[in-house]
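# A closer look at the structure
Okay, here's what each chain looks like letter by letter:
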Amino acid sequence: MSIPLPIVDHPTAARKFVTDDQRSPWHDQALWFVRSKRDKQADTLPEWEYLRSMASAIKTHTIANLGNYLQEFEKNATAQGAVVHWAADAAEHNRIVLQILKEHQTLRIVKSKSMLTEECGLNHFLEDSGIEVVDTDLGERIVQLRGETPSHIVLPAIHIKKEEVGETFHEHLGTDKGASDPKYLTEAARGHLRGKFLSGEVGVTGVNFAIAETGGLVVCTNEGNADLGVSLPRVHIACMGIEKLVPRFRDLAVFTRLLARSATGQPITSYTSHFHGPRDPESELHIVLVDNGRTRLRDSPEFRHALHCIRCGACMNTCPVYRRSGGHSYGATVPGPIGSVLSPTRDPKSYKSLPYACSLCGSCTDVCPVKIPLHHQLLAWRKELVGKGLLPWSKTFSMKAASFMFQRPRLFTFVGKVGRTSLRLLPHWLTHNPMNTWAKTRELPEPPKETFTQWHKRNRT
Amino acid sequence: MSVALFVPCYIDQFYPDVAVATLELLESLGVDVEFPSGQTCCGQPMANTGCNAETAPVARRFVEIFADYDAVVCPSGSCTAMVRHHYAEYFAADDAAFQHVSTRTFELCEYLHDELKVEQMHTSFPHKVSLHQSCHGLRELRLGQSSESRVVRENKVKNVVSLVNDIQWITPERSDECCGFGGTFAVNEPEVSTEMGRARIADHINVGSEVLASADMSCLMHLQGLIRREKSPIKVMHVAQIMMGRPIH
Amino acid sequence: MKPSTSSRRGVLDRLNSQSVDVPPLPDPDASKLIQFDDPFERFKESLALVGGEVHEIEHPSQATSILNRIEAFSSAQRVASVLPAAVKSTVDLAMVDDPHSLASLDWMVASGEFMIAENGAIWVDGSTLPHRVLIFIAQFLAIVVPRDAIVHNMHEAYDRIGAPKPGFGVFVSGPSKTADIEQSLVLGAHGCRKLQVFVTS
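Residues numbered from 1 in each chain as written. Chains lettered and ligands numbered in written order. Predicted model: local features only at pLDDT ≥ 70, side-chain atom pairs only at ≥ 80, totals over all residues. Heavy atoms only, no water.

The name given to chain C in an unreviewed UniProt entry is Lactate utilization protein C, with Stieleria marina as the source organism.

Per an unreviewed UniProt entry, the recorded name for chain A is Lactate utilization protein B, and the organism is Stieleria marina.

This is the structure in structure tokens:
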């Protein structure tokens, strides 16, 4: 039995961030800038939409045939000397990683960005076993030093201001007090992490793509941290969700063209590293394949496409709700639109507010490089949640009442008349009272003297 | 050809002039428009909350009321998208009345653009206007090309409204960001909704627009609520009112 | 450590218990993929965009004189090179057993297999590197690549690599970089601070 997760109420969790007029517009602007860079990159390729269709078709094919591709991958990776492990869930993944570390009497690991290890809570698990875990991606190191979690899957520290980074680095890395120049702070982190790289005993990475045909792995970074982390120690542990597979080596072309363009508006990441087998006969490459709910997600025709996700974060950058409420308001490893689809599959009750943290604008669906119909899936989740009886009674009741009224035009006319008349006659303080959520920040419409139906009766019949 | 006007519930109750302008506009283009009695709502508020059981009877009622018309025209992209793209689960796939109504319900500008193929208008609206593109009009009905998409599409709303004489378009910096209305989202997430709305209004004001126009009155109801509360220097108008050359009020 | 087999069986059983229609695996239609009138011009633009510098030279040996104009090179203590014809090593790579001893490496001169016009990337085959850490640990990186070794896009790039050899290969596009602090781009995150590309005709 896993411990029940706390219930995330997105509107409440978002309130502090969204009403902070220093932070919310700043955060919005930073992510809009990334979204705009993505648009410019999409413009450079006349085949952009064609690539999206290709990526979607490749993923649909792969997920359908996942069992076979996993076995093909395992066979080829093993033939090259890698050790392939299978984990049913997060706990097993963590146990496997710990076991490998114990066998090597490891005290220190360096880790590059992996949303999977975040999902599994690997850091805390290993730290509880006395192992020092150093996140080497700059953004992840910042949140790690601050005792936080990433608020974005590609830009982990996007919610933190440079002055705050400066304070954190002053405290932990001894940078000058008050210093907040990103160049200076990055240089300080470089120096600090060089030491960590050199003393890292095992390198842990995530995986962007795994290739069934060759048994290889692809890891994409801009900082070069994954490569430094696994090129010094003799042991490389690569942790991946089972959905990360592509069938063939050449399929990587489609995804490496889309990934960085969608994620950060770069034509490709600085380093796109391809690992086939361990570094040399004295080295080890362990690949941990993790299910943790993915096979269950695959069973659902409604949500299966969510397994297409290549974790680019474009849906977050474009989401007007995410940009204004910040990633932590989702209370989940993966925030934003894709997170709001994935999180309720883990626990519908805990994450029931996330599918409603969405205005159904559809921008995520259009931006997604692998064509996940995100806003349709969020809508589908709402139906599931209602079906499971997880919507509060007040909301289902108001919808039942509305439905009752809309089936009875005379009642609709009557209710409308009462509403408009009271709006006209009652004092403003009463119609715009604090119980009226709409009216906290907005005026109600000015009630007209007659409805269109009345006008039509007078003028056209 | 028989053409029915569908007036969304909130327009009937709160914005009758939008419906009057729509009717007058269609009539001025020679369309004989009927307004079937008994119509209320397309069911979207219930559907978007996830309440299928409550949506079904409202959707079925809608199809019954409009089944006998050759076309249904609606001055809302969002309600039209509901009928066209989200009714399937409430009907048998081979239900002829459902098939007919869902494929023959048009958003007003779309109807002018694709069906009537309007090429000129004699009205005038000599003002600086900026377009707020409703998300459902844009990304569900595809009335234009969204800024994310690289599928080239004409902007049907802008094309038809541009036929009005003397109109001066102003383009906001973010061409198609959501206003934050989102139906029940506006009250489920009031703070986020408000922030989104304020940002849209500021963008339109900053580029010098006098009138924030949209083909969806629901977005405008939310934006107008904020504008009136904050006494912001901009007005909202539905595109039907602009096409009929209504004065700014 | 030996993997256990029960979870493997469980995952595969769950996948096989739910059969899903398998649509065909598509192949991109080459006629729909971008081609450039002058791919090398495009490569230079792309590389500039990602923060790299291109030098066109006739002979590899010209690389050293160009690098000597860069202060960080002329004052460098430790230079590793896999292309002695271009730049001489001051580090005897054959003597390096433990990659950790490369920590103080100032420069690395590597050999690139080919360039990609659309994104300014260069394919570096790991088998050309005595230690793969060389191109990541050096403070500065130079890659020498032949002028005629160029493809338009990533599809052609993967086709050109063909079946990957066991080991390592990397597309390098510009110096290492980060924008993790307020989206301010800083070159020189953990890998090289700058990237010089020498294109030999």
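### Quick notes on the domain arrangement of chain A
Residues and elements named next belong to chain A. When cut into domains, chain A gives domain 1 (1–44 + 314–391), domain 2 (45–292) and domain 3 (401–460). Computed from C-alpha coordinates alone, the two centres of domain 1 and domain 2 are separated by 23 Å. Interface of domain 1 and domain 2: buried area, both sides summed, is about 2600 Å²; carbon and sulfur atoms make up 53% of it. Sorting the residues of domain 1 by area buried against domain 2 places Gln41, His328 and Thr333 first, and these three jointly supply 22% of that buried surface. At the surface where domain 1 touches domain 2, the tally comes to two salt bridges. Connecting domain 1 to domain 2 are 17 residue pairs in polar contact (both at pLDDT 80 or more). Of all elements in the fold, only α2 (24–43), α14 (314–318) and α17 (363–367) reach the threshold of two or more residues within the side of domain 1 that touches domain 2. Looking at the side of domain 1 that touches domain 2 element by element, the count peaks at 10 residues for α2. The class makeup of the residues in the side of domain 1 that touches domain 2 is 15 nonpolar, nine polar and seven charged. (Domains from an automatic or database assignment. Buried area = accessible area lost by both parts, 1.4 Å probe. Salt bridge = Lys/Arg side-chain N within 4 Å of Asp/Glu carboxyl O. Polar contact = N/O pair within 3.5 Å; in protein donor to acceptor, adjacent residues only side chain to side chain. Helix = DSSP H or I, 4+ residues; strand = E, 2+ residues; numbered from the N terminus. Nonpolar A, V, L, I, M, F, W, Y, C, P; charged D, E, K, R; others polar.)

### As for the pattern of salt bridges
A complete count under the given rule lists 57 salt bridges over all chains for this structure. Measuring nitrogen to oxygen at the nearest pair gives 3.6 Å for the salt bridge that ties Asp137 of chain A to Lys113 of chain A. Placement of the pair is Asp137 of chain A in the loop between β3 (132–135) and α8 (138–145) and Lys113 of chain A in the loop between β2 (108–111) and α6 (115–120), with a sequence separation of 24 residues. Residue classification places Asp137 of chain A among the buried residues on the basis of a relative accessible area of 6%. With relative accessibility at 25%, the residue Lys113 of chain A sits in the partly exposed group. The partner of Glu177 of chain B in a salt bridge is Arg174 of chain B, with the nearest N and O atoms 3.1 Å apart. By relative accessible area, Glu177 of chain B is classed as buried at 5%. Assessed through its relative accessible area of 6%, Arg174 of chain B is described here as buried. Connected through salt bridges with shared partners, the residues Arg35, Arg38, Asp39 and Asp43 of chain A together with Arg139, Glu148, Arg150 and Asp176 of chain B form a single ionic network. (Buried < 20%, exposed > 50% of the residue type's maximum accessible area, 1.4 Å probe, protein only.)

### As for the packing of helix α19 (residues 393–406) of chain A against helix α4 (residues 52–66) of chain B
Axis separation between α19 of chain A and α4 of chain B bottoms out at 9 Å; the angle between their running directions is 20°. By the criterion of interaxial angle, the relationship of α19 of chain A to α4 of chain B is roughly parallel. The crossing of α19 of chain A and α4 of chain B is left-handed. Residues Met399, Lys400, Ser403 and Phe406 of chain A of α19 of chain A pack against Glu54, Pro57, Val58 and Arg61 of chain B of α4 of chain B. Classifying every residue of the contact of α19 of chain A with α4 of chain B gives four nonpolar, one polar and three charged. (Axes fitted to C-alpha atoms, helices over the stretch in contact; angles between N-to-C directions. Parallel < 35°, antiparallel > 145°, perpendicular 65-115°, else oblique. Left-handed = near helix turned anticlockwise from the far one by under 90°. Contact = heavy atoms within 4.5 Å.)

### Here we look at the sheet that holds strand β6 (residues 140–146) of chain C
Residues and elements named next belong to chain C. If you walk across this open sheet you meet the five strands as β1-β11-β6-β3-β2, and the pairing is parallel. Single-partner strands in this sheet number two, and they are β1 (52–57) and β2 (79–81). On average, adjacent strands in this sheet sit at an angle of 15° to one another, irrespective of strand direction. With three bridges joining them, β2 and strand β3 (residues 107–111) adopt parallel strand pairing. Bridge pairing links Ser81 to Val109 in β3. Running over the sheet, helix α2 (residues 39–49) touches β1 and β11 (194–200) and is turned about 145° from β1. (Pairing = 2+ DSSP bridges.)

### What to know about the nonpolar core
The biggest cluster of nonpolar side chains holds 163 residues, and the ones touching the most others in it are Ile338 of chain A, Met243 of chain B together with Phe171 of chain C. Discounting chain neighbours no more than four positions away, the residues touching Met243 of chain B are Leu25, Leu108, Cys109, Leu112, Met121, Thr123, Val160, Val161 and Val164 of chain B. (Core = buried A, V, L, I, M, F, W, Y, C linked by side-chain atoms within 4.5 Å.)

### A few points about the interface of chain A and chain C
Of the residues lining the interface, 104 residues belong to chain A; the matching set on chain C comes to 74 residues. Taking both partners together, chain A and chain C bury about 7400 Å²; carbon and sulfur atoms supply 60% of that area. Joining chain A to chain C, the criterion identifies seven salt bridges. With a shortest N-O distance of 2.6 Å, Glu74 of chain A and Arg8 of chain C are connected by a salt bridge.

### Re the interface of chain B and chain A
With 69 residues of chain B in contact, the opposing surface of chain A contributes 71 residues. Carbon and sulfur atoms supply 59% of the area that chain B and chain A bury against each other, a total of about 6200 Å² over both sides. Taken together, the links from chain B to chain A amount to 13 salt bridges. For Arg142 of chain B, the salt bridge goes to Asp366 of chain A, with nearest N and O atoms at 2.8 Å. Our count for the chain B to chain A interface comes out at 42 residue pairs in polar contact (both at pLDDT 80 or more). Of all the elements, helix α11 (residues 190–206) of chain B adds the most residues to the side of chain B that touches chain A, at nine residues. Taken together, the residues that form the side of chain B that touches chain A break down as 31 nonpolar, 19 polar and 19 charged.

### Some remarks on the side chain of Asn119 of chain C
One can find Asn119 of chain C in the loop between β4 (114–116) and β5 (121–125). Here Ala121 of chain C takes part through its backbone nitrogen, which lies 3.1 Å from a polar atom of the side chain of Asn119 of chain C. Not counting residues up to four positions away in its chain, the partners in contact with Asn119 of chain C are Pro267 and Ile268 of chain A together with Ser46, Val50, Met154 and Ser173 of chain C.

### Re the pairing of strand β1 (residues 83–87) of chain A
Successive residues of a regular strand alternate their side chains across the two faces of the sheet. All names here are of chain A. The element β1 is largely enclosed, with a buried count of four among its five residues. With five bridges joining them, β1 and strand β10 (residues 284–290) adopt parallel strand pairing. The residue bridging Val84 from the neighbouring strand is Ile287, located in β10.

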